[in-house]
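Summary of structural features
In case you want the letters, here they are:
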Amino acid sequence: MSIIKLNAIDSTNDFLKDLTRNQLVDNFTTVVAQKQTKGKGQMGATWDSEEGKNLIMSILVKDVLQNIDEIFHLNVAIALSVLQVLQDCKVPNLSVKWPNDIMSDHKKICGILIENSFKSDTKIESIVGIGLNVNQQQFDNLPKASSMAIINNTEFELDILLNKIIFQIKKNCSWILSNQSDKLWQEYHKHLFKINVPMAFEDANQNKFMGIIKGVSSEGRLQVILEDDSLKSYGIKEIQILL
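The following refers to the structure shown. (Residues numbered from 1 in each chain as written. Predicted model: local features only at pLDDT ≥ 70, side-chain atom pairs only at ≥ 80, totals over all residues. Heavy atoms only, no water.)

**Regarding the side chain of Glu125**
Along the polypeptide, Glu125 turns up in strand β7 (residues 124-132). The residues touching Glu125, leaving out its near neighbours within four places in the chain, are Thr20, Leu60, Val61, Lys62, Glu115, Asn116, Ser117 and Lys119. (Helix = DSSP H or I, 4+ residues; strand = E, 2+ residues; numbered from the N terminus. Contact = heavy atoms within 4.5 Å.)

Structure follows, in structure tokens:
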């Protein structure tokens, strides 16, 4: 495992993907950048970050997932890894907003983007992108964003956070490898944002409705009880939680 530090890059995920195409890259190799010019979020969103203030990283995870049915196990492991490190840093009121945003109260402090590739030998390689707001103090035109420094009123050392997150990702991936993903899922549901609370949602056709989050399926679909008491599951592009 190695850590590659860059001053500026278009996308740490893209950099690491290109690296894996051209050479053999050790498992858990991590790319971290001071600045990212074309950061990516879920569903094509951009991820903007003030230079040198936040943790922008991508980590290669391979030889962990055994088949396509386990894809969302990794999402759960990664989201919990970040949340557990933030708990250790005493960040309050943490939760995972489906599928894997990390929240403190109603403010987003971390976004995660996992890009999976399926190799000809049936192996699965994943590039895990993490954007953690650490020491940034202002988020212009982003009223739902915050940072560890704002919430805790203190600055944090980026390198220490980086190493803690890598360590925790390795630890949580070991649970997958030992067929004990159920332990990760229990923690994930324990910290799932607004579970069992009536919430407003919007579907892909911009129809608004009320529902109650009951959990997330093993395939990563959000399970919601509707007003008629029926249980419906939704994919990432099919529903949005309205805050």
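**Considerations on unusual backbone geometry**
Along the chain, Trp98 connects to Pro99 via a cis peptide bond; the corresponding omega equals 5 degrees. Relative to the assigned elements, Pro99 resides in the loop between β4 (94-97) and β5 (101-104). Here Lys90, not a glycine, exhibits a phi torsion of approximately 65 degrees, which is positive. Relative to the helices and strands, Lys90 resides in the loop between α2 (71-88) and β4. The phi dihedral of Gln206 is positive, around 65 degrees, even though this residue is not glycine. As for its position among the elements, Gln206 is in the loop between β8 (198-203) and β9 (208-216).

**Quick word on the nonpolar core**
Counting 62 residues, the largest nonpolar core has Ile102, Ile130 and Tyr188 as its most contacted members. With 12 residues, the single largest contributor to this core is α2. Each residue touching Tyr188, except ones within four places of it in the same chain, is listed here: Phe72, Val76, Ala79, Leu80, Val96, Trp98, Pro99 and Val216. Membership of the second largest hydrophobic core comes to 9 residues, among which are Leu6, Ile9, Leu16 and Ile127. (Core = buried A, V, L, I, M, F, W, Y, C linked by side-chain atoms within 4.5 Å. Buried < 20%, exposed > 50% of the residue type's maximum accessible area, 1.4 Å probe, protein only.)

**Describing the packing of aromatic side chains**
Taken as a whole and judged by the stated rule, the model has 5 aromatic pairs. Taking 5.6 Å as the distance between ring centres and 20 degrees as the angle between the ring planes, the aromatic pair formed by Phe201 and Phe209 counts as stacked. Look at Phe201 and you get buried, because its relative accessible area is 0%. Since its relative accessible area comes to 17%, Phe209 is described here as buried. Taken together, a centroid distance of 6.1 Å and an interplanar angle of 25 degrees make the contact between Phe209 and Tyr234 stacked. Of this pair, Phe209 sits in strand β9 while Tyr234 sits in strand β11 (residues 231-234), and the two are 25 residues apart along the sequence. One exposure class covers both Phe209 and Tyr234, and it is buried. Put simply, the rings of Phe72, Trp185 and Tyr188 pair up and form one aromatic cluster. (Phe/Tyr/Trp six-rings, centres within 6.5 Å; stacked < 30°, edge-to-face > 60°.)

**Details of helix α4 (residues 158-177)**
Under the 1.5 Å per step criterion, the end-to-end length of α4 is 29 Å for 20 residues, consistent within 8% with the ideal 28 Å. Listed as buried for α4 are Leu158, Leu161, Leu162, Ile165, Ile166, Gln168, Ile169, Asn172, Cys173 and Ile176. Positive phi shows up at Asn179, right after α4, with a value of about 55 degrees. (Expected span 1.5 Å × (residues − 1).)

Function-wise, these values are silent; they only describe arrangement.
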